[in-house]
Amino acid sequence: MKATDLMVKALENEGVEYIFGIPGEENLDFLNSLVDSKIKLILTRHEQAAGFMAATYGRLTGKPGVCLSTLGPGATNFVTASAYAQLGAMPLVMLAGQKPIRKSKQGRFQIVDVVGLMKPITKYSEQVVDAGNIPSMVRDAFRVAMEERPGAVYIELPEDIAAEYSDAEIFEVVDHRRPDADEKAIQEAIAMIETAERPLLLIGAGANRKTTGEALTDFIDKTGIYFFNTQLGKGVVDERHEKFIGTAALSDHDFLHCAIDRADLIINVGHDVIEKPPFFMEKGGKKVIHVNFFAAHIDDVYFPQLNVVGDISTSIKRMTSKITIDTSRDFSYFERVQDEVEHHLSKYFEDDRFPMLPQHLVSLLRDKLDSKDIVTLDNGVYKIWFARNYKCYSPNTLLLDNALATMGAGLPSAMAAKQLYPDKKVVSINGDGGFMMNSQELETAVRMKLDLVVIILNDSAYGMIKWKQEGMGFKNFGLDYKNPDFVKYADSFGAFGHRPTSAKEFSSMLDSALSSKGVHLIDLPIDYSLNHSILNVLIKESSCII
Ligand SMILES: Cc1ncc(C[n+]2csc(CCOP(=O)(O)OP(=O)(O)O)c2C)c(N)n1
Ligand SMILES: [Mg+2]
C-alpha cells in the first residue's frame, strides 16, 4: 500500500472524522489518498486557525483533533496552536509535510527543523523515515496525545517517504483503564477533610476533561462543603448549585478570596499550575489536597500537602462513600461570602447604558442561552467579566483559554464547537484585537455553512493591556488603533453584519441572529470605563466580612 494510503487508513482506524488545515505541494500524495476516505477535509485560511479548531475538537471530545500543513511556513504556523493544546491539555495531532530526506531536491529551500522546533511544545515530535513505521507511529502518537495529561503531538511525513509503498499493517486501538488512587491516599484525604473546620472544594481544569461533574455534585450534596472553580473548571458542577461561591478569575483580592482566606483546607480537584493561580499558597497557611490524574507540579505558590493521584471521578466517589459528615461545622461565613459575591457580580446586570457594559452583555447572554449552549471567548479583558459573572450550567459551555491565553483562538474554537454540536447555539465573543488575528476564518465559517453568532467588543484598543497599564499607574500610551468597518467586512465574506445603537437594539439583534441561519457578526461598542474602578480598585478596597 502507498504510504499516504496507509497513513489515511491509520487515521481512520483512530476514528478521525475531520482534518483541519492547508495542504502544500509536499502533502499532495496525502491529499490524493484522502479523496476516497470518509475523513472530511476542512480547509482553513490560516494553519493557526486549523490548529485551534483541531485542538478544540480534542478538548470537547477527548479524542485528538487532527490538523494538516505543509512543511516550513505552514508547519511553523502551527506553533501557537500546539502551545495552546499543550498547555490547555487538549489532545491534538499535527501532521505536516517535509522535503524528501533521502535526496536533496531544492537545497535548503523552505527546510526548517520543525521536529526540533516542536519538541518543547509537544509531547511527541517525530519524522517518519520509513513508510513501514506509519501504523505504529500513528497509534503511538494518538495514545500519547490522549493520555493524561493530554496534549499536542507532531508527525512529519517527508515527500519521498509519502510516495513509498509498504505492506505494514494497522494496529488495533487498545484502550486502557486509568489507574485508581491508592487506598492510603484516599483515607488520608478523608481524614484531612473530616478534621478540617472550614474546608472548601476547588474545581479546576482537569475536572472538566472527564465526566466528573456527577461525582463532585454527589460529594458536595453529601458533605455540604462549599465550592468554587477556576476558569477552566467552570460548569463541571452547575453554578446554580446552592453551595457555589464563585469563579476565581483573579488570583487574589476578589470577593470570593474572603472565603478562600478563611478556609483551613482546600480540596483542589483537577487544578494544574498552567492556569492563572486561583489563590496563592503560603508557608504555614491553609492545607491543600491535590486530587488529579497526576501529582502536583510544585511551584512557589502551589505545594499541596497531599496528592491523591488517579482517576478523578473514582477518587471523589470513593471519598464520598466513606466520609462521615460533621453537621456541627459552621459554614455560615461561606454563605455570607456567597451572598456578597452574588450582590457584587450582579450589580450592573440591568444597566443598559450604551456603549454596553460587559456586565450587561453577560447577563443578556445568560438569559438568552440554554444550559447546553456554548459561549466561546478570545482573550481580552472581557474574559475576566465572563469568568466571574457568567454562570455555567453544564461543563464546557464557556470555552475560554486560561492556559496559553492566546489571542486569535476565539473564532476558530467557536467554529469547531458548532461543527461538533450543530443543535447547540454557539456565540463567539471577541475583542476587536483578537478577532482581527484570525478574522479571515469568517470565510471558512461561511463555507462550512455554520450558524454562528460572532460578537466583536469594539473599544478600538487592546483593552486588556490598557486596563493593566492604568492599574500600574502608567500613562495611556501605545494601545489604541482604528478598526475596519466590521459590518461591511462581514458582508464581504457572505456573513451578515450588524451594528446596534442601543442596548435594546442589540438585544433584539441578538435574538434574531440566534434564531437565523448563517454567520452573524455584531459590532458591539463596549464600555470598559468601570474595569479599573471595579477590578483594580473596588475589589481590593472592600474588606472581608468579619
Ligand atoms: C497572541 C497574543 N498576543 C498578545 C497577547 C497579550 N494580550 C492579551 S489581551 C490583549 C489585548 C486584547 O485586545 P482585544 O482583543 O481588543 O480585547 P479587549 O481587551 O480590548 O476587549 C493582548 C495584546 C496575547 N494574549 N496573545
Ligand atoms: Mg479591544
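Before reading further, recall that the structure is shown in the block above.
Just so you know, these numbers come straight off a predicted model, no measurement behind them.

**Q** Explain the coordination of the magnesium ion (ligand 2) here, please?
**A** In a perfect tetrahedron of four donors around a metal, the angles come out at 109.5 degrees. In a perfect octahedron of six, they are 90 or 180 degrees. Bound to the magnesium ion (ligand 2) on the protein side are Asp432 (OD), Asp459 (OD) and Ala461 (O), at distances that span 2.1 to 2.2 Å. Spacing between the donor residues of the magnesium ion (ligand 2) along the chain follows D-x26-D-x1-A. On the criterion of sequence distance, the pair formed by Asp432 in helix α17 (residues 432–437) and Ala461 in the loop between β16 (452–458) and α19 (463–471) is long-range, its members being 29 residues apart. Owing to a relative accessible area of 1%, Asp432 belongs among the buried residues under this scheme.

**Q** Just to check I follow, could you spell out the nonpolar core for this structure?
**A** Side chains of nonpolar character tend, in soluble globular proteins, to be buried together. With 102 residues, the main nonpolar core has Leu200, Leu201, Val308, Phe386, Ile429 and Ile455 as its most contacted residues. Those residues within four positions of Ile455 in sequence are excluded, and the remaining contacts are Val427, Ser428, Ile429, Asn430, Phe506, Leu510, Ile522 and Leu524. Core analysis: the second largest hydrophobic core is formed by 50 residues, Phe52, Val115, Ala152 and Met415 among them.

**Q** Looking at this structure, I do not really get the sheet that holds strand β15 (residues 426–431). What am I missing?
**A** In a beta sheet, neighbouring strands are held together by backbone hydrogen bonds and run either parallel or antiparallel to one another. Spatially, β14-β13-β15-β16-β18-β17 is the arrangement adopted by the 6 strands of the open sheet, whose pairing is parallel. Unpaired on one side and paired on the other, β14 (398–399) and β17 (496–498) mark the two borders of the sheet. Direction of pairing for β15 relative to β16: parallel, over a ladder of 5 bridges. Along β16, the bridge assignment pairs Gly431 with Leu457.

**Q** Where do I start with the state of the cysteines in this structure?
**A** One way to say it: the disulfide is the covalent bond shared by the sulfur atoms of two cysteines. Overall, the coordinates contain 1 disulfide when judged by the stated rule. The disulfide partner of Cys258 is Cys544, and the gap between their sulfur atoms is 2.1 Å. On the sign convention where negative means left-handed, the S-S torsion of about -80° between Cys258 and Cys544 marks this disulfide as left-handed. You can see Cys258 sitting in helix α11 (residues 257–262) and its partner Cys544 sitting in the segment after α22 (529–541), a full 286 residues away along the chain. Classification of Cys544 by relative accessible area gives partly exposed; the value is 31%.

**Q** What am I meant to see in the site of ligand 1 here?
**A** Taken together, the neighbourhood of ligand 1 is formed by 19 residues, with Asp432, Gly434, Gly463, Met464 and Tyr528 sitting nearest. Within the side chain of Asp459, an N or O atom sits 3.1 Å from an oxygen atom of ligand 1. For ligand 1, the accessible surface in isolation is 590 Å², of which the surrounding protein chains cover 77%. Secondary structure elements with two or more residues in the shell around ligand 1: α17 and α19. Tallied by class, residues from the shell around ligand 1 come to 10 nonpolar, 7 polar and 2 charged.

**Q** What is the right way to look at the sheet that holds strand β2 (residues 40–43) in this model?
**A** Strand order in the open sheet formed by 6 strands is β2-β1-β3-β4-β6-β5, and the pairing between neighbours is parallel. The open sheet has two edge strands, β2 and β5 (124–127), and neither has a second partner. Across this sheet, the average inter-strand angle for adjacent strands is 20°, counted without regard to direction. Across 4 bridges, the pairing between strand β1 (residues 18–22) and strand β3 (residues 65–69) is parallel. Within the sheet, the bridge partner assigned to Ile19 lies in β3 and is Val66. Strands in contact with helix α1 (residues 3–13) are β1, β4 (92–98) and β6 (152–158); relative to β6, the strand with the most contacts, it is inclined by about 160°. Running over the sheet, helix α5 (residues 79–88) touches β4 and β6 and is turned about 155° from β4.

**Q** Even after reading the chapter, I still don't get the environment of Val144, so can you show me in this structure?
**A** When you line up the elements, Val144 lands in helix α7 (residues 134–146). Taking the C-alpha atoms as reference, Val144 lies 9.8 Å from Leu92; in sequence the two are 52 residues apart.

**Q** I'm lost on the packing of helix α14 (residues 358–368) against helix α15 (residues 382–389) in this one. Help?
**A** How two helices sit against one another is set out by the angle between their axes and by the gap between those axes. Direction vectors running N to C along α14 and α15 enclose 50°, while the axes themselves pass 10 Å from each other. Here α14 is positioned oblique relative to α15, judged by the angle of their axes. For the crossing formed where α14 meets α15, the hand is right-handed. Together, Pro358, Gln359, Leu361, Val362 and Leu365 of α14 and Trp385, Phe386 and Asn389 of α15 make up the contact between the two elements.

**Q** Please clarify how the pattern of salt bridges should be interpreted in this entry.
**A** Note that side chains of opposite charge can pair when their charged atoms are close. The full count for this structure, using the stated rule, is 25 salt bridges. Note that Asp272 is salt-bridged to Arg149, the shortest N-O span being 2.8 Å. Taken as a pair, Asp272 in the loop between β10 (265–269) and β11 (287–292) and Arg149 in the loop between α7 and β6 lie far apart in primary sequence, 123 residues in all. In this pair, the class of Asp272 matches that of Arg149, namely buried. Residue Asp485 is joined to Arg499 by a salt bridge in which the shortest nitrogen-to-oxygen separation is 2.8 Å. Of this pair, Asp485 sits in the loop between α19 and α20 (486–492) while Arg499 sits in the loop between β17 and α21 (503–514), placing them 14 residues apart in sequence. Residue class for Asp485 comes out partly exposed when judged on its relative accessible area of 33%. Residue class for Arg499 comes out partly exposed when judged on its relative accessible area of 39%. Taken together, the salt bridges that share partners define one network made up of Glu25, Lys105 and Glu159.

What counts, and at which threshold
Residues numbered from 1 in each chain as written. Chains lettered and ligands numbered in written order. Predicted model: local features only at pLDDT ≥ 70, side-chain atom pairs only at ≥ 80, totals over all residues. Heavy atoms only, no water. Donors = N, O, S within 2.8 Å, 3.2 Å for Na, K, Ca; no water. Helix = DSSP H or I, 4+ residues; strand = E, 2+ residues; numbered from the N terminus. Buried < 20%, exposed > 50% of the residue type's maximum accessible area, 1.4 Å probe, protein only. Core = buried A, V, L, I, M, F, W, Y, C linked by side-chain atoms within 4.5 Å. Contact = heavy atoms within 4.5 Å. Pairing = 2+ DSSP bridges. Disulfide = S-S within 2.5 Å. Near = heavy atom within 4 Å. Polar contact = N/O pair within 3.5 Å; in protein donor to acceptor, adjacent residues only side chain to side chain. Areas by Shrake-Rupley, 256 points an atom, 1.4 Å probe, with all protein chains shown as cover. Nonpolar A, V, L, I, M, F, W, Y, C, P; charged D, E, K, R; others polar. Axes fitted to C-alpha atoms, helices over the stretch in contact; angles between N-to-C directions. Parallel < 35°, antiparallel > 145°, perpendicular 65-115°, else oblique. Left-handed = near helix turned anticlockwise from the far one by under 90°. Salt bridge = Lys/Arg side-chain N within 4 Å of Asp/Glu carboxyl O.

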